[in-house]
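Each chain, letter by letter, is given below.
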Amino acid sequence: MLGAKEVLLAEPRGFCAGVDRAIEIVERALAKFGAPIYVRHEIVHNTFVVNDLKAKGAIFIEDLAEVPPGATLVFSAHGVSKAVQAEAKARGFTVFDATCPLVTKVHVEVAKLAKEGYEFLMIGHKGHPEVEGTMGQLSEGIHLVEDEADVARVQPRQTEKLAVVTQTTLSVDDAAGITAAIRARFPQVREPKQQDICYATQNRQDAVKVLAPQVDLLIVVGSPTSSNSNRLRELAARLGTPAYMVDNAGELDEQWFEGVARVGLTAGASAPEVLVNEVIARIRQLGAVAVRKMDGIEETVKFPLPKGLKIDAATGLEIEVRKRPETGA
Ligand code: SF4
C-alpha cells in the first residue's frame, strides 16, 4: 500500500467526436472493403488504437508511394495538404477523408481568406501533421509561429491583410499569449470569429484546471505524439501539481504514488476509456479505495460519417460495426 486513497476522474476526458469518427471510418472501411485498408499517418495519435486497427487489417503509411494501385486509403484525423489530396487523386485511390470536421473548418477559412488576398500566421507546433496539412492548403503566404519570439521575427510580405489561424489542440493559455503578441505587433490582424482551438481541447483543459488543485498527483493517459494529451500534463504541472503522461497502465511508476492521498486521472482526446480503466485498476492495486467522477460538461458533439460508409451499397443496410469498449470507472 503506497498511500493513494482516492482517484478523481476528470470530466470530460478521452475520446472526442473527431477521434470517434476517424476510428469508425477505418473500421467501416475494413468492414465494407475488407483488409487491407491503407491509412496515411496514425489515424489518431494513440498507440493502442493504431495497434488495434493494425490487427484488424489497417496498414499505416506516411508516403503515398507505399500504397498499391487500386487501394482504399484513409486520411488521418489531422488532415492533409492539397498536394497529398492531389497525389491520392492522381494515383486513383478510393479515398475516405477522416480529417476532423473542425480541422476542415480551418482549411476552409484559410482558402476563403486567401482568395481575398490574406496572408496568415499559423500558431502551432512545427512538424505536427495538422500543421503540415493546414499550411499545405496554400503554396505560399502562411507562416508558422510557435512562440512569441517567432512573432517578433516573422516577416509577412504585407500586413494590411493578415489573419491568424491555430492548430486545434494547443494550450488555450499559450495560444492566447501568442495571439496577444501578434495583436501587439500587427494591430490590424484578423482573428478567427470563433477560436480554432476545438471544444474537446478546451473542455479537457478546463477540467484539468478544476481537478489539478484538488489532487496530489495527476496522471494523463495519452501517447507521446498526442498534442492535446501533452498539453494536459503541462497544464497540471504549471498549476503546481506533479503530472505524468502514460501510454498504458504498465508505464505507471509505483514511486509516483508514495505519500499521495488523491490521484487525478484524465485522458487525451485520442485515448480510449479501456486504457483509463486499466490505469484505475493498477492504481487500486497501489492502494486506491475509491474512484469518484468530477462534475463536468457532458459532450454531445457527433460528426457524420463520409458518404459511402454510412450504408452498405449492396444491401442498402447500415453496416454494423462492433462497438469499442466504453466508459465506466
Ligand atoms: S481533438 Fe478536436 S480537432 Fe482533434 S479530432 Fe478531436 S475534436 Fe477534432
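Model, not experiment: these values are computed from the prediction. (Residues numbered from 1 in each chain as written. Predicted model: local features only at pLDDT ≥ 70, side-chain atom pairs only at ≥ 80, totals over all residues. Heavy atoms only, no water.)

Draft legend 1. Representation of the domain arrangement of the protein. Each assigned domain of the protein is listed with its residue range as follows: domain 1 (6-15 + 199-293), domain 2 (17-100) and domain 3 (102-185). Domain 2 and domain 3 are separated by 26 Å when their C-alpha centres are compared. Facing the 10 residues of domain 2 at the interface are 11 residues of domain 3. Roughly 810 Å² of surface becomes buried between domain 2 and domain 3 when both sides are summed, with 58% attributable to carbon and sulfur atoms. Linking domain 2 with domain 3 are 0 salt bridges. Applying the counting rule to domain 2 against domain 3 returns 5 residue pairs in polar contact (both at pLDDT 80 or more). (Domains from an automatic or database assignment. Contact = heavy atoms within 4.5 Å. Buried area = accessible area lost by both parts, 1.4 Å probe. Salt bridge = Lys/Arg side-chain N within 4 Å of Asp/Glu carboxyl O. Polar contact = N/O pair within 3.5 Å; in protein donor to acceptor, adjacent residues only side chain to side chain.)

Draft legend 2. How the structure looks around the sheet that holds strand β9 (residues 217-221). Pairing in this open sheet of 5 strands is parallel, and the strands run β10-β9-β11-β1-β12 from one edge to the other. Lying at the two open borders of the sheet, with one neighbouring strand each, are β10 (243-246) and β12 (290-293). Neighbour-to-neighbour, the strand axes of the sheet open up by a mean angle of 25°, direction not taken into account. Relative to strand β11 (residues 262-267), β9 runs parallel, the two sharing 5 bridges. Across the sheet, V220 pairs through a bridge with T266, a residue of β11. Taken strand by strand, helix α9 (residues 227-238) contacts β9, β10 and β11, and its axis lies near 165° from that of β10. In the packing of helix α10 (residues 273-285) onto the sheet, the strands contacted are β1 (6-9), β9, β10, β11 and β12, and the crossing angle to β11 comes to about 165°. (Pairing = 2+ DSSP bridges. Helix = DSSP H or I, 4+ residues; strand = E, 2+ residues; numbered from the N terminus. Axes fitted to C-alpha atoms, helices over the stretch in contact; angles between N-to-C directions.)

Draft legend 3. Here's a closer look at the packing of helix α8 (residues 199-211) against α9. In the contact formed by α8 and α9, the axes pass within 10 Å of each other and the chain directions differ by 25°. In terms of their interaxial angle, α8 and α9 are classed as roughly parallel. Between α8 and α9 lies a crossing of right-handed hand. Contacts between α8 and α9 pair T201, R204, Q205, V208 and K209 from the former with N228, R231, L232, L235 and A236 from the latter. (Parallel < 35°, antiparallel > 145°, perpendicular 65-115°, else oblique. Left-handed = near helix turned anticlockwise from the far one by under 90°.)

Draft legend 4. Region of interest: the site of the ligand. Taken together, the neighbourhood of the ligand is formed by C16, G18, V19, C100, L102, T168, T169, C198, Y199 and A269. Tallied by class, residues from the shell around the ligand come to 7 nonpolar, 3 polar and no charged. Shared between two domains, the shell around the ligand holds at least three residues of each, these being domain 2 (17-100) and domain 3 (102-185). (Near = heavy atom within 4 Å. Nonpolar A, V, L, I, M, F, W, Y, C, P; charged D, E, K, R; others polar.)

Draft legend 5. Quick peek at the packing of aromatic side chains. Under the counting rule described, the total for this entry stands at 2 aromatic pairs. Geometrically, the ring pair formed by F33 and F96 is tilted, given 5.7 Å between the ring centres and 35° between the ring planes. Taken together, the positions of F33 in helix α1 (residues 17-33) and F96 in strand β5 (residues 94-97) put the pair 63 residues apart, joining distant regions of the chain. The exposure class assigned to F96 is buried, which follows from its relative accessible area of 7%. Centre to centre, the rings of Y244 and W256 are 3.8 Å apart; their planes meet at 5°, and the pair counts as stacked. Linking Y244 in strand β10 with W256 in the loop between β10 and β11, this pair joins segments that are 12 residues apart in sequence. A relative accessible area of 31% means that Y244 is categorised as partly exposed. Among the residues examined, W256 registers a relative accessible area of 19% and is labelled buried. (Phe/Tyr/Trp six-rings, centres within 6.5 Å; stacked < 30°, edge-to-face > 60°. Buried < 20%, exposed > 50% of the residue type's maximum accessible area, 1.4 Å probe, protein only.)

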